Amino acid sequence: MGGLKIKKGDRVQVISGKDRGKQGRVLRSLPRERRVIVEGVNLVKRHSRPSRDNPQGGIVTKEAPIHVSNVALICGSCSRAVRVAYRFDAEGNKHRYCRKCGADID
Ligand SMILES: [Zn+2]
């Protein structure tokens, strides 16, 4: 198993699909499905009945999960959509780093 290389709060860019090129922040990660929910990406319209939160009912726009392979992390250091790799520091803690510029991501 293992987690995803993309985590909640990361800034990502969509690299394939209808939303290609869009950027947003990861709102949720769903490691079991290998999917993430990204702010403003893969919006779907849902028809809903009137409820307390939405007394009118009608159409609600919401982000649907997209597969993690369709997004790339935006490196805070080189500002490009990059692939991420792992390395261990001297204390043995795992960190993500940018494969393009080599900067630590966390
Ligand atoms: Zn970088």
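Presented here is an overview of the structure given in this document.

Reading the values: the criteria
Residues numbered from 1 in each chain as written. Predicted model: local features only at pLDDT ≥ 70, side-chain atom pairs only at ≥ 80, totals over all residues. Heavy atoms only, no water. Donors = N, O, S within 2.8 Å, 3.2 Å for Na, K, Ca; no water. Buried < 20%, exposed > 50% of the residue type's maximum accessible area, 1.4 Å probe, protein only. Helix = DSSP H or I, 4+ residues; strand = E, 2+ residues; numbered from the N terminus. Contact = heavy atoms within 4.5 Å. Pairing = 2+ DSSP bridges. Phe/Tyr/Trp six-rings, centres within 6.5 Å; stacked < 30°, edge-to-face > 60°. Lys NZ or Arg CZ within 6 Å of the ring centre and 35° of its normal. Polar contact = N/O pair within 3.5 Å; in protein donor to acceptor, adjacent residues only side chain to side chain.

### Observations concerning the coordination of the zinc ion
Okay, step 1: For the zinc ion, the full set of protein donor atoms is Cys75 (SG), Cys78 (SG), Cys98 (SG) and Cys101 (SG), at a range of 2.3 Å.
Okay, step 2: One chain supplies every donor to the zinc ion, and in sequence these donors are spaced C-x2-C-x19-C-x2-C.
Okay, step 3: On the accessibility criterion, cysteine 75 (2% relative accessible area) is buried.

### Remarks on the environment of arginine 83
Okay, step 1: With respect to the helices, strands and loops of the structure, arginine 83 is situated in the loop between strand 8 (81-82) and strand 9 (84-88).
Okay, step 2: Given the relative accessible area of 60%, arginine 83 is considered exposed.
Okay, step 3: Separated by 78 residues in sequence, arginine 83 and lysine 5 place their C-alpha atoms 9.1 Å apart.
Okay, step 4: Ignoring anything within four residues of it in the chain, the contact list for arginine 83 reads Tyr97, Cys98 and Arg99.

### Details of the environment of valine 68
Okay, step 1: Structurally, valine 68 is set in the loop between strand 6 (66-67) and strand 7 (71-74).
Okay, step 2: For valine 68, a relative accessible area of 13% translates into the label buried.
Okay, step 3: Separated by 38 residues in sequence, valine 68 and leucine 30 have C-alpha atoms that sit 9.2 Å apart.
Okay, step 4: Aside from chain neighbours lying at most four places away, what touches valine 68 is Leu4, Ile6, Arg34, Arg35 and Val36.

### Observations regarding the sheet that holds strand 7
Okay, step 1: The six strands are arranged 6-3-2-1-7-8 in an open sheet whose pairing can be described as antiparallel. Every other strand in the sheet has two partners, leaving strand 6 and strand 8 as the edge strands with one partner each.

### Quick look at unusual backbone geometry
Okay, step 1: With a phi angle near 60°, asparagine 42 is a residue other than glycine that sits in the positive phi range.
Okay, step 2: One non-glycine residue, serine 79, lies in the positive phi region at around 55°.
Okay, step 3: Secondary-structure assignment places serine 79 in the loop between strand 7 and strand 8.
Okay, step 4: Using a relative accessible area of 58% as the deciding quantity, one classes serine 79 as exposed.

### Quick word on the packing of aromatic side chains
Given two aromatic rings, their pairing is described by the distance between the two centres and the angle made by the two planes.
Okay, step 1: Applying the stated criterion to the full structure yields zero aromatic pairs.
Okay, step 2: Taking the ring centre of tyrosine 86 as reference, the NZ or CZ of lysine 94 above it sits at 4.4 Å.

### Overview of the side chain of aspartate 19
Okay, step 1: Relative to the assigned elements, aspartate 19 resides in the loop between strand 1 (11-14) and strand 2 (23-30).
Okay, step 2: From its side chain, aspartate 19 meets the backbone nitrogen of asparagine 42 in a polar contact 2.4 Å long.
Okay, step 3: Ignoring anything within four residues of it in the chain, the contact list for aspartate 19 reads Val14, Val41, Asn42 and Leu43.

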